[in-house]
Amino acid sequence: MFRERHVAAVVPAYNEERLIAGVIRNMPPLVDHIIVIDDKSLDGTAAVAEALDEPRVVLIRHAENQGLGGALVSGYKRALSLHADLVVVMAGDDQMDPRYLPDLLEPLCDGRAEATKGNRFYSWSSLRAMPKHRVFGSLILTWLTRIASGHRHLADSQNGYVAFTAATLEKVRLGSLSHGYSVENAMLIELGRVHARVIDVPIPARYGSETSKMRLLRDGPAILGTILTGVAQRITRSSRR
């Protein structure tokens, strides 16, 4: 628990047998449920998670690969069914440093926000840890996502280290979220639709031995499509007022 609130960590995992054990072992005691979603992995991801014999682990196995967004939606739904008060995403590739988890949860407990999001762009030292092509792409997508979501203060739309209150997740149309890598953008657009307060939390970039599964040529058009659809929907809502 964290400040008398039950916490669920949603851990999407696809072919992460090398890294998933470290993610689970390093999960801080404040996390009550570790929801691992094995998205039809082709390796032993699920077997490794089970072999740890960690009582907090709740393992979900997808019969078909549903993509990052599909895995997250499954995890969010399970977190709500477990009556978690706070829900955080901790990816199965170990990119998200658990030491910063309290920083994401504090604003939710204090009532300053309904959702929080890591921000890697808060300092030059953090930026230097990121590959240059990721910096450039993230900055452009962030600018477009600001327009689509109305969250004009956000600095890092592509950062997947996020946390929500359960009450906010219950307002979000989880079924409408993208199943691909545009899920972060789709979620911010949904949070804008329900007028949730979202704030940035400075968290340095962390890259290790993981291999990114996102491919610009394959996933870029879907991300842009999600953002442009969000812009159109926001314009339509504004015109009806």
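Coordinates for the structure precede this section.
It should be emphasised that the depicted structure is a prediction, and the values quoted were computed from it without experimental measurement.

Could you give an account of the overall build of the chain, with specific residues and numbers?
The number of helices and strands found in the chain is 9 helices and 7 strands. When burial is assessed residue by residue, the chain has 54% of its 241 residues classed as buried. Total accessible area on the chain stands at roughly 11500 Å², and carbon and sulfur atoms take up 55% of it.

Could you give an account of the pairing of strand 4 (residues 86-89), naming the residues involved and the relevant values?
Residues of strand 4 alternate between two faces, with Leu-86 and Val-88 on one and Val-87 and Val-89 on the opposite face, all of them buried. Pairing of strand 1 (residues 7-13) with strand 4, which is carried by 4 bridges, proceeds in the parallel orientation. Following the sheet pairing, Ala-8 is matched in strand 4 by Val-87. Looking at chain direction, strand 4 and strand 6 (residues 162-165) are connected through 3 bridges and run antiparallel. Counted as the bridge partner of Leu-86 is Thr-165 from strand 6.

Break down the sheet that holds strand 1 for me, citing the residues and quoting the values.
Strand order across the open sheet formed by 7 strands is 3-2-1-4-6-5-7, with mixed pairing between neighbours. Whereas interior strands pair on both sides, the edge strands pair on one side only; in this sheet they are strand 3 (57-61) and strand 7 (198-202). Direction aside, neighbouring strands of the sheet carry axes that sit 20° apart on average. In the sheet, strand 1 pairs with strand 2 (residues 33-38) via 6 bridges, with the strands oriented parallel. Paired with Ala-9 across the two strands is Ile-34, which belongs to strand 2. In the packing of helix 4 (residues 101-110) onto the sheet, the strands contacted are strand 1, strand 4, strand 5 (115-119), strand 6 and strand 7, and the crossing angle to strand 5 comes to about 150°. Along the sheet face, helix 8 (residues 183-193) touches strand 5, strand 6 and strand 7 and points at about 140° away from the line of strand 5.

Tell me about the pattern of salt bridges, and please be specific about residues and values.
Using the criterion set out here, one finds 10 salt bridges in the structure. Residue Asp-110 is joined to Arg-112 by a salt bridge in which the shortest nitrogen-to-oxygen separation is 3.3 Å. One salt bridge in this structure joins Arg-173 and Glu-190, with 2.6 Å as the shortest N-O distance. With Arg-173 in the loop between helix 7 (166-171) and helix 8 and Glu-190 in helix 8, the pair connects residues that are 17 residues apart, well separated along the chain.

What counts as what
- Residues numbered from 1 in each chain as written.
- Predicted model: local features only at pLDDT ≥ 70, side-chain atom pairs only at ≥ 80, totals over all residues.
- Heavy atoms only, no water.
- Helix = DSSP H or I, 4+ residues; strand = E, 2+ residues; numbered from the N terminus.
- Buried < 20%, exposed > 50% of the residue type's maximum accessible area, 1.4 Å probe, protein only.
- Areas by Shrake-Rupley, 256 points an atom, 1.4 Å probe, with all protein chains shown as cover.
- Pairing = 2+ DSSP bridges.
- Axes fitted to C-alpha atoms, helices over the stretch in contact; angles between N-to-C directions.
- Contact = heavy atoms within 4.5 Å.
- Salt bridge = Lys/Arg side-chain N within 4 Å of Asp/Glu carboxyl O.

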